[in-house]
Amino acid sequence: MASPHSGIAAAIDIIGEDLLQSIVSRLPATSFASAACVSRSWNLLCERVLSRPKLSSACSVNPSLQDAVEEVVNKVLSEPIRPHFAIASIAGLFGFDLDEEDVLEEARHLISRKLGSQVPVITNDASCFGIIGRDALSDEVKEIPFKLDDGADIIMLTVGYLPGMKVTTIPLLEQNKEPEMFMIDKFVTDIREFSTSVSGCNSPAAIMMYCDNYYTGMMDVVEKMDCAIPPETVIVGDYFSEFRYTNETDNAFAAVALVFAVDMNKPPGIGETQFHAVVSSGLSPVGPTYTTTSVNEDINNAPLIAARREGSHENIDGQIVLNQVYDELRRDRIQSRELYIGVTKRRKYSIGQENVGCMTSLAFHRVLESRQQCLLVFGEGIKIGDTFHFYYPDSTAAISSVAAVSSHLRSFNRGSNNATGGDKQDVFGGLIFSCCGEEFFGQPNINISPFVDNFPGVTLGGTFCSVVFGRGVLTPCVKESQEQKAVQCCMHTKGVVYLIMSYTPSKRI
């Protein structure tokens, strides 16, 4: 009796593998998955089609959440792909009488039902600012600010397929005993142990972070991660938003990390997927250096700091300091009243019993006001003896910094940015986390221009944030302080973080 697949094999012989591969590569993802199950020869052919990584992204402004999810899922699955992870940024309530958490959970449920329960899915709230993505209907990449009064709801879905890598979500959990505190050491240890189990080394290829906007201790988390996880691991993400993720536990959680690790058992012939982070800055320094002489907290746990000018032995009144800074800005015809302090911190860090070392870092804190001859600032982690500069939002510096990003990305097309001995890298996707929109830049689509100009047609998604994570190449500002030149900075205000994903094919022997 003839094999049930003999007719299929004969058909392949007639039309040829090349033509069949061309046909299969045009199938939508669900039909492609079915084709891979037809026979062993078809499966091998489908494996060749998906031998390279892929990122697919789409956004929708459909007012119905269910229809919007349907639109973006259909778009990202319109070509062959096997999702390894999915990220959905959502702005608005989509007409439901729900809060943001309910919308995020409903969207995550709808997406998981479409992609499968085993695919890590993160949904995050972009209602404060907006999203960056490719319209599911027009296919146009654009920055879409969210405006509550115009009633337009937005969802942007990005799905990734990364052969030769494994992806998982790891939460930052709260311990189930007094005192209530989040288990930072366990969080970092879980990330390192996952990477070790998958790749044989404790540094993953990349970490994408999403953090709850009610948790104020995230700066400590990021600084400890920065010290404990080797610098070759790219870290990016949204510091301040509501989110939901697949496999949530009953524990309270403050953050989730989407962790990417190279599979040490990846099949032969699979090349290398690489992650690159490039960061632009929109802050410029003003005034001299100050040293913190005391740190207290107000009733909301915001730091109240007293300081003296470097070289002086007397504290200076907080309001006098602010007036001096504003006077200097006015002399330069700068009208900004928004100020930050960039605090240089030198700290020792440990994970459990392990001493992971000492690190100098730069952290930005929003200046809220002067009070009781001190400065009231946002954020935690400032200590006596830390030094700081004042910074102000500078759109001119920001545009120049974005131009520097574009110049840096141009080098990918020349093949000079990879670490594989000169082999060609193909950029297949990118994500943008931005604190700056058209209102700040004074021009539309500044954020996307470095990527779109250098990699036209390549998948791009992103979200607007109040503060962003970004550990990678920091492009120079027009004006830099000594702190910016000398130390590491992972959390950025008025900055833009570009995550570039590239692929280097395996060398054939």
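Details of the structure are given in the entry above.
Before going into details, it helps to say that this report is about the structure given with it. The structure displayed is predicted, hence computed values, not measured ones. (Residues numbered from 1 in each chain as written. Predicted model: local features only at pLDDT ≥ 70, side-chain atom pairs only at ≥ 80, totals over all residues. Heavy atoms only, no water.)

## Focus: the sheet that holds strand 9 (residues 234-238)
Adjacent strands of a sheet pair through backbone hydrogen bonds, lying either parallel or antiparallel.
Right, on to step 1. The six strands are arranged 7-11-8-9-22-24 in an open sheet whose pairing can be described as mixed. Here the strands that pair on one side only, and so sit at the sheet edges, are strand 7 (165-173) and strand 24 (491-492).
Right, on to step 2. Two strands pair when backbone bridges link them, and strand 8 (residues 206-211) and strand 11 (residues 253-262) are joined in this way by six bridges, in the antiparallel orientation. Bridge pairing links Met208 to Leu258 in strand 11.
Right, on to step 3. Each of strand 7, strand 8 and strand 11 is contacted by helix 7 (residues 184-199), which is oriented at about 165° to strand 7, the strand it contacts most. (Pairing = 2+ DSSP bridges. Helix = DSSP H or I, 4+ residues; strand = E, 2+ residues; numbered from the N terminus. Contact = heavy atoms within 4.5 Å. Axes fitted to C-alpha atoms, helices over the stretch in contact; angles between N-to-C directions.)

## Some remarks on the packing of helix 2 (residues 17-24) against helix 4 (residues 40-49)
Right, on to step 1. Here helix 2 crosses helix 4 at 65°, and the two axes come no closer than 10 Å. The hand of the helix 2/helix 4 crossing is right-handed. Across from Glu17, Leu20, Gln21 and Val24 in helix 2, the residues of helix 4 making contact are Trp42, Leu45, Cys46, Arg48 and Val49.
Right, on to step 2. Across the contact of helix 2 with helix 4, the residue classes tally to six nonpolar, one polar and two charged. (Left-handed = near helix turned anticlockwise from the far one by under 90°. Nonpolar A, V, L, I, M, F, W, Y, C, P; charged D, E, K, R; others polar.)

## Digging into the side chain of Thr504
Right, on to step 1. Here Thr504 shows up in strand 25 (residues 495-504).
Right, on to step 2. The exposure class of Thr504 is buried, given its relative accessible area of 4%. (Buried < 20%, exposed > 50% of the residue type's maximum accessible area, 1.4 Å probe, protein only.)

## Brief notes about the environment of Thr168
Right, on to step 1. Along the chain, the position of Thr168 falls in strand 7.
Right, on to step 2. On the accessibility criterion, Thr168 (23% relative accessible area) is partly exposed.
Right, on to step 3. Expressed as a C-alpha distance, the spacing of Thr168 and Ala261, which sit 93 residues apart in the sequence, is 8.8 Å.
Right, on to step 4. Once you skip the residues sitting within four places of it in the chain, Thr168 turns out to touch Pro120, Phe194, Ala257, Leu258 and Val259.

## Quick look at the nonpolar core
Right, on to step 1. Counting 56 residues, the largest nonpolar core has Met208, Phe260, Phe275 and Phe433 as its most contacted members.
Right, on to step 2. Counting residues in hydrophobic clusters, the runner-up holds 36 residues, among them Val222, Ala228, Ile235 and Tyr349. (Core = buried A, V, L, I, M, F, W, Y, C linked by side-chain atoms within 4.5 Å.)

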